Amino acid sequence: MSKAETSKVEVSEKGFFGEFGGSFVPPQLEAVLNRLAEAFESYKDDPEFVEEFDFYMKEYVGRENPLTYAERLTKKLGGAKIYLKREDLNHTGAHKINNVIGQILLAKRMGAHRVIAETGAGQHGVATATACAMLNMECVIYMGAEDIRRQELNVFRMELLGAKVIAVHHGQGRLKDAVDEALNDLVANYENTFYLLGSAVGPHPYPSMVHYFQSIISKESKRQILEKEGRLPTVVVACVGGGSNAIGAFSEYIQEENVRIVGVEPKEAATMTEGTPAVIHGFKCLCLQDEEGNPLPTHSIAAGLDYPGIGPEHSQLKVSGRAEYYTVTKEEVLEAFQELSRTEGIIPALESSHAVAYTIKEAPQMSEDDIIIVNISGRGDKDVNEVKRLLEAKE
Ligand SMILES: *Cc1c(COP(=O)(O)O)cnc(C)c1O
């Protein structure tokens, strides 16, 4: 990311994207977040900070990753030309590491020597523990007791990487309870502790920070598609959970009015298609809620997409009509997972398979002059056991 290219997030001072976003938190936490927002503002255009981020993206994450032409899939579907942005090739196998390294570098500048995070399925916890090991930061991961039981191997990975995993027993022992515990820790220890959030959600300034660090995805893909095709894509497609890989994949195209922007979510967690405005976890977004305004449980086969809300910027992109959001079914996702594996030799994460599933339906409707860029947010090795089980259950 060169200085001239730094992000152009259209965000009001308090972190509002239209009516969405903001910061709805208790005063003590508000003070901590204000300090964070100031630090982010001052470092995001600092050439030394940007250079340091670029250094680790290249030397540790392995960027830039390719924009691969999916020739066999394109020919088989017979329509738009399909390109895959290969976040699956990053160290740790997904896009999450981009944001994690960015936030830890900011934490260091702020004088923190301790990083805390919460994790549900464990992917964000593993990425955080990885970068904390490399950057010599103490790392504490809060995880619901029930999630710890279900994600034994990820817990072992985090511990192997030197992190301390703390089980949260109260409430339902799930992600939400782990978030509460991590926030208590932050308020008590803010002088030396940094709270690392893993998606484009949460109170200001997290959605803007995550956007900034993940925008490296579309900065690369834009340069790459112009080199390969001499023109911009017709459409950019990404899966949306909290919305971080998608906002990174979309960022550079938001101002390009002729490029369609498409987010794809699970039918079982259709935040965008069925959600209504609400405040959850300290910010306003489109959210699946019951009649009393409590977030509804979701049940996606892709753990990374199992979240009842969505980032505020996506909420605004949706209501303003700039971006389109669609759902795909579990069956379509499983088929896409296998199809990309067979035709391109790339096993996509179940999350990314949502974007692939949409592409498989859409590409044949488009002309051969059209170009689709699909963000492959991560690799699917972590999902093969689950897919095997699901496919055998269908037989
Ligand atoms: C975590 C994860 C996601 C979902 O998170 P976003 O913030 O919506 O990007 C998607 N894909 C992969 C591979 C993930 O690990």
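Draft legend 1. Spotlight on helix α8 (residues 175–189). Taking 1.5 Å of rise per residue, the 15 residues of α8 would be expected to cover 21 Å, and the 21 Å separating its terminal C-alpha atoms lies within 8% of that figure. Where the residues of α8 are buried, they touch α1 (27–43), β5 (114–119), β6 (138–144), β7 (164–168) and β8 (193–195).

Draft legend 2. Highlighting the pattern of salt bridges. Applying the stated criterion across every chain yields a total of 30 salt bridges. A salt bridge links R260 to E324; the nearest nitrogen and oxygen atoms lie 2.9 Å apart. Taken together, the positions of R260 in strand β10 (residues 260–266) and E324 in strand β13 (residues 324–328) put the pair 64 residues apart, joining distant regions of the chain. Among the residues examined, E324 registers a relative accessible area of 21% and is labelled partly exposed. Between E339 and R342 there is a salt bridge, and its shortest N-O distance comes to 3.0 Å.

Draft legend 3. Representation of the site of the ligand within the structure. Around the ligand, 17 residues are found, and the nearest of them are K96, Q123, S199, S244 and S377. Backbone polar atom of G243 to an oxygen atom of the ligand: 2.8 Å apart, as the coordinates give it. In isolation the ligand has 380 Å² of accessible area, and contact with the protein removes 96% of it. Partitioned by chemical class, the residues of the shell around the ligand number 4 nonpolar, 11 polar and 2 charged.

Draft legend 4. Molecular detail of the pairing of β6. In terms of burial, β6 is a largely internal element, 6 of the 7 residues being buried. Pairing geometry for β5 and β6, over 6 bridges, is parallel. Bridged to R114 within β6 is E138. Bridge count between β6 and β7: 5 bridges; the pairing is parallel.

Draft legend 5. Quick peek at the packing of helix α14 (residues 330–344) against helix α16 (residues 384–394). At a minimum axis separation of 12 Å, α14 and α16 run at an interaxial angle of 120°. Classified by the angle between their axes, α14 and α16 sit oblique to one another. The two elements α14 and α16 cross, and the hand of that crossing is left-handed. Here K330, L334, F337 and Q338 of α14 lie close against α16, whose contacting residues are V384, V387, L390 and L391. Counted by class, the contact of α14 with α16 contains 6 nonpolar, 1 polar and 1 charged residues.

Draft legend 6. Structural view of empty space enclosed by the protein. Enumeration over the complete set of coordinates arrives at 3 cavities of 30 Å³ or more. Estimated volume of the largest cavity: approximately 110 Å³. Along the wall of the largest cavity there are 14 residues; nearest its centre are V32, R35, M110, T193 and F194. Contributions of two or more residues to the lining of the largest cavity are made by α1 and β8. Ranked by the residues each element gives to the lining of the largest cavity, the list is headed by α1, at 4 residues.

Draft legend 7. Representation of the state of the cysteines in the model. As enumerated under the stated definition, the model contains 0 disulfides in all. C239 carries a free sulfur, and the closest cysteine sulfur to it, the one in C285, is 17 Å from it. Free cysteine: C287, not disulfide-bonded; nearest cysteine sulfur from C285 at 5.2 Å.

Draft legend 8. How the structure looks around the pairing of strand β4 (residues 81–86). Counting buried residues along β4, 5 of its 6 residues qualify, which places the element largely inside the surrounding structure. As defined by bridge partners, strand β3 (residues 67–69) adjoins β4 across 3 bridges and the pair is classed as antiparallel. Within β4, the residue paired with Y69 across the bridge is Y83. Across 6 bridges, β4 lies against strand β14 (residues 371–376) in parallel orientation. Looking at β14, one finds that K85 is bridged to N375.

Draft legend 9. Molecular detail of the nonpolar core. Grouped together as the largest cluster of nonpolar side chains are 88 residues, with contacts concentrated most on L36, I101, I104, L106, M158, F194 and F250. The greatest single-element share of this core, amounting to 7 residues, is contributed by helix α4 (residues 96–109). Once residues lying within four places of it in the same chain are set aside, the contact partners of M158 are T119, G122, G125, V126, A129, I141, M143, A163 and V165. Counting residues in each nonpolar core, the second largest holds 33 residues, with C239, V264, A302 and Y358 among its members.

Draft legend 10. Structural detail: the packing of helix α2 (residues 47–61) against α4. In the contact formed by α2 and α4, the axes pass within 10 Å of each other and the chain directions differ by 140°. Classified by the interaxial angle, the pair formed by α2 and α4 is oblique. Crossing geometry of α2 relative to α4 is assigned as right-handed. Here α2 contributes E48, F49, E52, F53, Y56, M57, Y60 and V61 to the contact with α4, which in turn contributes I97, N98, I101, G102, L105, L106 and R109. For the contact of α2 with α4, the per-class residue count stands at 10 nonpolar, 2 polar and 3 charged.

What counts as what
Residues numbered from 1 in each chain as written. Predicted model: local features only at pLDDT ≥ 70, side-chain atom pairs only at ≥ 80, totals over all residues. Heavy atoms only, no water. Helix = DSSP H or I, 4+ residues; strand = E, 2+ residues; numbered from the N terminus. Expected span 1.5 Å × (residues − 1). Contact = heavy atoms within 4.5 Å. Salt bridge = Lys/Arg side-chain N within 4 Å of Asp/Glu carboxyl O. Buried < 20%, exposed > 50% of the residue type's maximum accessible area, 1.4 Å probe, protein only. Near = heavy atom within 4 Å. Polar contact = N/O pair within 3.5 Å; in protein donor to acceptor, adjacent residues only side chain to side chain. Areas by Shrake-Rupley, 256 points an atom, 1.4 Å probe, with all protein chains shown as cover. Nonpolar A, V, L, I, M, F, W, Y, C, P; charged D, E, K, R; others polar. Pairing = 2+ DSSP bridges. Axes fitted to C-alpha atoms, helices over the stretch in contact; angles between N-to-C directions. Parallel < 35°, antiparallel > 145°, perpendicular 65-115°, else oblique. Left-handed = near helix turned anticlockwise from the far one by under 90°. 1 Å grid on protein atoms, 1.4 Å probe; cavity = no way out; pocket = protein on both sides within 12 Å on 5 of 7 lines; lining within 4 Å. Points joined across faces, edges and corners; volume = space filled by probe spheres on them. Disulfide = S-S within 2.5 Å. Core = buried A, V, L, I, M, F, W, Y, C linked by side-chain atoms within 4.5 Å.

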